[in-house]
Protein chains: 2
Amino acid sequence: MERSIQIAFGDAVRDARVNHGYSQEELADLCGMHRTYISDIERGLRNVSLENIEKISAALDTPLSVLFEQIETENA
Amino acid sequence: MERSIQIAFGDAVRDARVNHGYSQEELADLCGMHRTYISDIERGLRNVSLENIEKISAALDTPLSVLFEQIETENA
């Protein structure tokens, strides 16, 4: 099922965060962002910028290519 | 050499655009964006949003995972 890129990215971030055992608060701290921003991203409510995408990817120790590959696989 | 994500993304977009034989104008039309915005992106001047990243990826017929893999390879 084709989800919007915002929802698909949010799902991928939540999956990676949960796999790492981080709370939203912990991920937000790692990224230098507010917890509510992470919550919004995970709910597909944010059109995240390139720099914030990179910060999240680094905090989750997950290359962007892997994060987007997961999105493409689940959207297929 | 580690480039900023904006510069790295701009280089990857330019490479893919040139490989497709598109001018900036043609890519801009395909994305529904202005040519100067594409030019700014390629010069690393824009903190591009997720939705615009997806539009560019679709216009270049290049999955985001592939675009970011190229960035990661060149940044290594």
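Bear in mind the structure is a predicted one, so any value in this text is a computation, not a measurement. (Residues numbered from 1 in each chain as written. Chains lettered and ligands numbered in written order. Predicted model: local features only at pLDDT ≥ 70, side-chain atom pairs only at ≥ 80, totals over all residues. Heavy atoms only, no water.)

A. Expanded view of the overall build of chain A. Within chain A, the secondary structure is distributed over 5 helices and 0 strands. Along chain A, helices and strands appear, N-terminal first, in the series α-α-α-α-α. When contacts within chain A are restricted to residue pairs at least 6 apart in sequence, long-range pairs at least 24 apart make up 65% of them. As presented, chain A carries roughly 3,800 Å² of accessible surface, and 49% of it is formed by carbon and sulfur atoms. Averaging the coordinates of the 7 positive side-chain charges in chain A and doing the same for the 14 negative ones gives two points 8 Å apart. (Helix = DSSP H or I, 4+ residues; strand = E, 2+ residues; numbered from the N terminus. Contact = heavy atoms within 4.5 Å. Areas by Shrake-Rupley, 256 points an atom, 1.4 Å probe, with all protein chains shown as cover. Lys, Arg positive; Asp, Glu negative; His and termini not counted. Charge placed at Lys NZ, Arg CZ, Asp CG, Glu CD.)

B. Representation of the pattern of salt bridges. Scanning all chains against the criterion turns up 10 salt bridges over all chains. One salt bridge in this structure joins A:Arg46 and A:Asp40, with 3.0 Å as the shortest N-O distance. Residue class for A:Arg46 comes out partly exposed when judged on its relative accessible area of 33%. For A:Asp40, a relative accessible area of 15% puts it in the buried group. Of the charged contacts, one joins B:Glu42 and B:Arg17 as a salt bridge, the two residues approaching to 2.6 Å between their closest N and O atoms. Taken together, the positions of B:Glu42 in helix 3 (residues 35-42) and B:Arg17 in helix 1 (residues 5-20) put the pair 25 residues apart, joining distant regions of the chain. With respect to burial, B:Glu42 and B:Arg17 carry one shared label: buried. Here the salt bridges share partners, and the residues they tie into one network are A:Asp11, A:Arg14, A:Arg17 and A:Glu42. (Salt bridge = Lys/Arg side-chain N within 4 Å of Asp/Glu carboxyl O. Buried < 20%, exposed > 50% of the residue type's maximum accessible area, 1.4 Å probe, protein only.)

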